[in-house]
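Chain and residue survey
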Amino acid sequence: MTTSRYALITGASRGIGRAIALRLAADGYHILLNYQTNRSAAEAVLNDIRTGGGDGTLLPFDVTDPEAVEQAIDTWRQQHPDSYISLLVNNAGIRHDDLLMWMSGDNWHRVLSTTLDGFFHVTRALLQEMLVRKWGRIINIASLSGLSGMPGQTNYSAAKGGLIAATKSLAREVARKHVTVNAIAPGFIRTDMTSDLDETTLKKTIPAGRFGEAEEVAHLVSFLASDHASYITGEVISIDGGLS
Ligand code: NDP
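A brief report on the enclosed structure follows.

1. A word on the nonpolar core
Leu8, Ile20, Leu24, Ile31, Leu33 and Ile184 are the most contacted members of the largest nonpolar core, which totals 64 residues. Among the elements that line this core, the one with the most residues is helix 8 (residues 214-225), at seven residues.

2. What about the sheet that holds strand 3 (residues 55-58)?
Taken in spatial order, the seven strands line up as 3-2-1-4-5-6-7 in an open sheet, and their pairing is parallel. Strands with a single pairing partner mark the edges of an open sheet, and in this sheet they are strand 3 and strand 7 (236-239). Strand-to-strand twist across the sheet, computed as the mean angle between neighbouring axes with direction ignored, equals 20°. Here strand 4 (residues 85-90) pairs with strand 5 (residues 136-141) via four bridges, running parallel. The partner of Val89 across the bridge, within strand 5, is Ile139. Packed on one face of the sheet, helix 2 (residues 39-51) meets strand 2 (30-33) and strand 3 and runs near 165° to strand 3. The strands touched by helix 6 (residues 154-174) are strand 5, strand 6 (179-186) and strand 7; relative to strand 6, the strand with the most contacts, the crossing angle is about 160°.

3. Remarks on the side chain of Asn155
For Asn155, the position within the fold is in helix 6. For Asn155, a relative accessible area of 0% gives the class buried.

About the cut-offs
Residues numbered from 1 in each chain as written. Predicted model: local features only at pLDDT ≥ 70, side-chain atom pairs only at ≥ 80, totals over all residues. Heavy atoms only, no water. Core = buried A, V, L, I, M, F, W, Y, C linked by side-chain atoms within 4.5 Å. Buried < 20%, exposed > 50% of the residue type's maximum accessible area, 1.4 Å probe, protein only. Helix = DSSP H or I, 4+ residues; strand = E, 2+ residues; numbered from the N terminus. Pairing = 2+ DSSP bridges. Axes fitted to C-alpha atoms, helices over the stretch in contact; angles between N-to-C directions. Contact = heavy atoms within 4.5 Å.

Here it is as structure tokens:
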């Protein structure tokens, strides 16, 4: 049985994170809804959660800033001394595509930091309690790009490939304490992040013939978070319409 029902989702104000927040709220979790700057979008997600009969709390911080992460989580803990966050979805991510030859140092570091430092800061902050309570779920949103590589995305592929490797190592560290760690590798999902892409051309390359929906990723998160997925850990599950 799940001993606590608090789920922290990074980057939950839009896109895939938003859909995950709504899905997990419907599953009965109280959602700790993280975002970076877009407060109005985050508030709209919280309203949607409440309209659906669920509840949540806004928890803004920049995942790349270790002090901001610690402070937000410590404050929440002080207000909830008898609870713990048993489910973490490391979803916050950005892309700044360029050919490596032209890539700025800033675009390299920002993309890697959001995915890898973000994973490190938030996971480290929550892991100990999951181990002590002997139940936890960590789900990392990686990408097809981190498995097979994409031209123009050397930074993003490196970040997501690193996240996949970190998923596998951490899964081995914590499996005995009933904490599972898995990664999801979406292909093309219709969100703000892919709104600049030529969907008509790209979908011809996808066996399923379409982009995926954020809700489809959210259902996979819901399953991995459940007790039914207790024996799945260290895995990377693709959700890409057959593209990989
Ligand atoms: P969106 O661009 O639609 O949303 C990104 C979210 O991340 C926003 O909520 C944003 O917050 C948040 N965010 C960005 N940087 C930070 C930060 N430093 N700290 C906290 N929050 C941050 O992206 P998607 O929903 O498309 O993508 C979600 C995840 O899925 C990403 O990791 C992405 O790499 C991955 N993915 C997406 C695919 C796709 O096709 N869409 C395919 C494969 C993987 P705010 O609103 O405040 O800016």
